[in-house]
There are 2 protein chains.
Amino acid sequence: MEIKVMKDILGQNDKTAANIHALLAARKIFALNLMGSPGAGKTSLLERTMAAMKDELRMAVIEGDLFTSRDADRIAKSGVPVIQINTAGGCHLDAPMVEKALRELDLDCLDFIIIENVGNLVCPAEFAIGEDEKATVLSVTEGNDKPMKYPLIFKESAVTVINKIDLVPYTDFDVAQATEDIKTIHPAAKVLPLSCSTGEGIEAWLDWLREKVKR
Amino acid sequence: MEIKVMKDILGQNDKTAANIHALLAARKIFALNLMGSPGAGKTSLLERTMAAMKDELRMAVIEGDLFTSRDADRIAKSGVPVIQINTAGGCHLDAPMVEKALRELDLDCLDFIIIENVGNLVCPAEFAIGEDEKATVLSVTEGNDKPMKYPLIFKESAVTVINKIDLVPYTDFDVAQATEDIKTIHPAAKVLPLSCSTGEGIEAWLDWLREKVKR
């Protein structure tokens, strides 16, 4: 009984996700599902991305949070269109939420959309929301054991950003070991160490995104 | 239909949680549900706690993780009894998992049990697991906005540990602001800034725990 209901929910979600994907593909809009723990630096990565690319490509952001519009407020300062989804306690975004948010955006003048999921290294990985690719932000202060402890999200993500590398000297984080673990879980994954604080390594992330958007 | 099933799951969980609570109360065992984001420092706090208290009080640990026994391996080094629960992808512990783990422990020679929940700032707050109190570990590298963005877990927690205060100089974290936000959500909450790396502030945490265990 429980399993049946869960299947229905996932089946319904996947149908809506497929609709979103078709809608965006028809307009050649690339969609990225950006995931990671609370405080990993997802919004900071978006701020860096917008600052670098807003005169180059047409971008919009959908922000997922349980409560508050703090992240959307940060994004709005850049002038990029942003829609805040509040899940009211929900632990992940689902496709119907994203479908509703997309109605608020003018899809005829966009090259790509980044959807920042709820800060959570578990549940968001289980729900497609119409994206072309998933990306996960892991910060060095979270520790080296995270890929092996939370493998699904790294397996699902085409790219893992290792953020806050400016803090490596103050932690016991080993970037080479984390990269190896992520590649054990997902051999084709791209692993990009960078710092949203200092800007170090950001170019490789922008290059990956440019390539995806312009494909 | 969906809501009905969810109610049944929560109702069943709460019944099992009440049974666990009665079982432990009859033996005067204090049980703490320790929560927080991935990498906040829950296991490091346990290591500090065991090192300080293992000759003083009789302790056991239940470790909740999606996969691996890395945390239990760390705890086992101290000689404290530890049981690892693997949720196999599940985003939180529930009462039936804890009930099963408790069967592996000798409850006649324990003063307290700390149950380290899955690293997740959302879902664990929604499920009682038979605890006397909940505690949340928030690390300064996660950022100041977390209490207001994830209020339920802070509302549920009798104490919030603000960990990694040794890293405050390298972040824009404001301990006073975070404390104020937590107390806005939960006026009676205790807020304990400390560092599991340096040991600074650990005594206040140990004192809180001692008082609870010996009540």
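You'll find the structure just up there.
This report concerns the structure included in the present document. (Residues numbered from 1 in each chain as written. Chains lettered and ligands numbered in written order. Predicted model: local features only at pLDDT ≥ 70, side-chain atom pairs only at ≥ 80, totals over all residues.)

### A few points about the interface of chain B and chain A
Many descriptions give the size of an interface as the accessible area lost when the pieces come together.
Step number 1: Opposite the 32 residues of chain B that make contact, chain A presents 32 residues.
Step number 2: Among the secondary structure elements, those contributing two or more residues to the side of chain B that touches chain A are α1 (2–26), α5 (146–149) and α6 (151–156) of chain B.
Step number 3: When residues of the side of chain B that touches chain A are assigned to their parent elements, the largest contribution, three residues, is made by α5 of chain B.
Step number 4: For the side of chain B that touches chain A, the residue count by class is 15 nonpolar, nine polar and eight charged. (Contact = placed C-beta atoms within 7 Å. Helix = DSSP H or I, 4+ residues; strand = E, 2+ residues; numbered from the N terminus. Nonpolar A, V, L, I, M, F, W, Y, C, P; charged D, E, K, R; others polar.)

### Brief notes about the relation of the copies chain B and chain A
Step number 1: The transformation that overlays chain B on chain A combines an axial shift of 0.0 Å with a rotation of 180°, and the residual RMSD is 0.0 Å. The transformation relating the two chain copies, once decomposed into turn and shift, fits a two-fold axis. The C-alpha atom lying nearest the rotation axis in chain B is that of Asn-120 of chain B; the distance is 3.0 Å.
Step number 2: Same-surface contact between copies: 100% of interface residues of chain B are shared with the interface of chain A. (Least-squares fit on C-alpha atoms with pLDDT ≥ 70 in both.)

### Quick notes on unusual backbone geometry
Step number 1: Even without a glycine there, the phi angle at Lys-28 of chain A is positive, about 55°.
Step number 2: Looking at the element boundaries, Lys-28 of chain A is found in the loop between α1 (2–26) and β1 (30–36).
Step number 3: Note on Lys-28 of chain A: 12 C-beta atoms within 10 Å, which makes it exposed.
Step number 4: Notably, Lys-164 of chain B is not glycine yet its phi reads approximately 70°, a positive angle. (Buried ≥ 20, exposed ≤ 12 C-beta atoms within 10 Å, placed from the backbone.)

### Some thoughts on helix α7 (residues 175–185) of chain A
All names here are of chain A.
Step number 1: Among all positions in α7, only Ala-178, Asp-181 and Ile-182 are buried. With its buried residues spanning 100° around the axis, α7 presents them on a single face. Opposite the buried face of α7, at more than 90 degrees from it, the exposed residues are Ala-176, Gln-177 and Glu-180.
Step number 2: Tucked inside the fold, the buried residues of α7 contact α5 (146–149), α6 (151–156), β6 (159–163) and β7 (190–193). (Arc of directions from axis to C-beta.)

### Some thoughts on the sheet that holds strand β2 (residues 59–65) of chain A
Residue and element names in this part refer to chain A.
Step number 1: Spatially, β3-β2-β4-β1-β5-β6-β7 is the arrangement adopted by the seven strands of the open sheet, whose pairing is parallel. Among the strands making up the open sheet, the edge pair consists of β3 (82–86) and β7. Here the strands of the sheet are splayed against their neighbours by 20° on average, with no regard to which way each runs.
Step number 2: Sheet strands in contact with helix α2 (residues 42–53) are β1, β2, β4 (112–116), β5 (133–139) and β6, and its direction is about 160° off that of β4.
Step number 3: Packing against the sheet, helix α8 (residues 202–213) makes contact with β1, β4, β5, β6 and β7, and its axis sits at approximately 140° to β7. (Pairing = 2+ DSSP bridges. Axes fitted to C-alpha atoms, helices over the stretch in contact; angles between N-to-C directions.)

### Points about the sheet that holds strand β3 (residues 82–86) of chain B
Residues and elements named next belong to chain B.
Step number 1: In space, the seven strands of this open sheet follow the order β3-β2-β4-β1-β5-β6-β7, with parallel pairing throughout. Strands with a single pairing partner mark the edges of an open sheet, and in this sheet they are β3 and β7 (190–193). Each adjacent strand pair in this sheet contributes to an overall mean axis angle of 20°, direction not counted.
Step number 2: Where strand β1 (residues 30–36) and strand β5 (residues 133–139) come together, five bridges link them in parallel fashion. Opposite Met-35, over in β5, you have Thr-136 as the bridge partner.
Step number 3: Of the strands in this sheet, β2 (59–65), β3 and β4 (112–116) are in contact with helix α4 (residues 95–102), which crosses β3 at around 145°.
Step number 4: Helix α7 (residues 175–185) rests against β6 (159–163) and β7 of the sheet, and its axis sits at about 160° to β7.

The analysis is restricted to geometry; functional conclusions fall outside its scope.
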